[in-house]
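One letter stands for each residue in the lines below.
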Amino acid sequence: LPYSWDTTPVVAGAGTTVSNCVFTGTGLRPLMLTGGTVVDSVFRNFTSGHDSGTAAITVSAGGSVIDRCIITNNVAGRAGWDYGHRSMGVYVGDAYTPTTVIRNSLFANNRGVWNGTPNASQKTTNVCATAVYTKGNTLIENCTVASNTTYQSTSGLTAGITVAGPGVEIVN
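In this report, we go over the structure that sits alongside the text. (Residues numbered from 1 in each chain as written. Predicted model: local features only at pLDDT ≥ 70, side-chain atom pairs only at ≥ 80, totals over all residues. Heavy atoms only, no water.)

## A short note on the overall build of the protein chain
Inference 1: Secondary structure assignment for the protein chain yields one helix and 23 strands.
Inference 2: For the protein chain, with 172 residues in total, the buried portion stands at 52%.
Inference 3: Looking at the protein chain alone, contacts between residues at least 24 apart form 70% of all its contacts between residues at least 6 apart.
Inference 4: Accessible surface, the protein chain: about 7,000 Å² in total, of which carbon and sulfur atoms supply 52%. (Helix = DSSP H or I, 4+ residues; strand = E, 2+ residues; numbered from the N terminus. Buried < 20%, exposed > 50% of the residue type's maximum accessible area, 1.4 Å probe, protein only. Contact = heavy atoms within 4.5 Å. Areas by Shrake-Rupley, 256 points an atom, 1.4 Å probe, with all protein chains shown as cover.)

Below, the structure is given as structure tokens:
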């Protein structure tokens, strides 16, 4: 599904399954899960340039499931502010109930950048995860996180998984 910039083209609510799709484009969050499921799908070449932006999948309700997906070559960047949190892969926006499940998925070659080179303020005030950023109640099971990059700082910039809330379990 080709996609461009600042809209959410697919919203999957409870009881809805998105499967066997390839999402490509430039922009942020081509898929928002509000209790739905995405399986056997690919998310690649997205760019988020906004605070609290997500390049691939945003979870905004409990019970959402991401299974057997490939999230690759996505970029979350700076659009001029010095704060916020973003994820190139999956952003779980709260400690939702029931638990969000992310399993059997690949997160590879995703990047966190700030217009090429971050300034000192941006290096110390942003929270960025190239695979998953979760605020809680998430099971991450049997996932591969490889070759993701971002700038390191004391603020929690990670090239992998950021846990920012309770109830997160990572199992491989």
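Now, onward.
## Looking at the sheet that holds strand β2 (residues 10–13)
Inference 1: Taking strand neighbours across the sheet as the criterion, the six strands line up as β2-β5-β9-β14-β19-β22 in an open arrangement whose pairing is parallel. Edge positions in the open sheet fall to β2 and β22 (161–163), since each of these has one partner strand only. Averaged over neighbouring strand pairs, the angle between their axes works out to 15 degrees when direction is ignored.
Inference 2: Inspection of the sheet shows strand β19 (residues 132–134) paired to β22 by three bridges, in the parallel sense. (Pairing = 2+ DSSP bridges. Axes fitted to C-alpha atoms, helices over the stretch in contact; angles between N-to-C directions.)

## Let's talk about the packing of aromatic side chains
Inference 1: With the rule as written, the count across this model stands at two aromatic pairs.
Inference 2: Their ring planes at 5 degrees and their centres at 4.6 Å tell us that F23 and F43 sit as a pair that is stacked. One end of the pair, F23, is in strand β4 (residues 22–27); the other, F43, is in strand β7 (residues 42–44), and 20 residues separate them in sequence. For the pair shown, F23 and F43 are each scored as buried. (Phe/Tyr/Trp six-rings, centres within 6.5 Å; stacked < 30°, edge-to-face > 60°.)

## Observations concerning the pattern of salt bridges
Inference 1: For the structure shown, the criterion picks out three salt bridges.
Inference 2: When the shortest N-O distance is used, the salt bridge between R68 and D67 registers 3.2 Å.
Inference 3: Beyond isolated ion pairs, a larger network of salt bridges with shared partners links D40, D67 and R68. (Salt bridge = Lys/Arg side-chain N within 4 Å of Asp/Glu carboxyl O.)

## Structural notes on unusual backbone geometry
Inference 1: In this chain, T97 is followed by P98 through a cis amide linkage whose omega measures -5 degrees.
Inference 2: Secondary-structure assignment places P98 in the loop between β14 (90–92) and β15 (100–103).
Inference 3: Positive phi is not limited to glycine here, since N20 has a value of about 55 degrees.
Inference 4: By secondary structure assignment, the location of N20 is in the loop between β3 (17–19) and β4.
Inference 5: Non-glycine residue N109 carries a positive phi angle of around 60 degrees.
Inference 6: As for its position among the elements, N109 is in the loop between β16 (106–108) and β17 (111–112).
Inference 7: We classify N109 as partly exposed; its relative accessible area is 38%.

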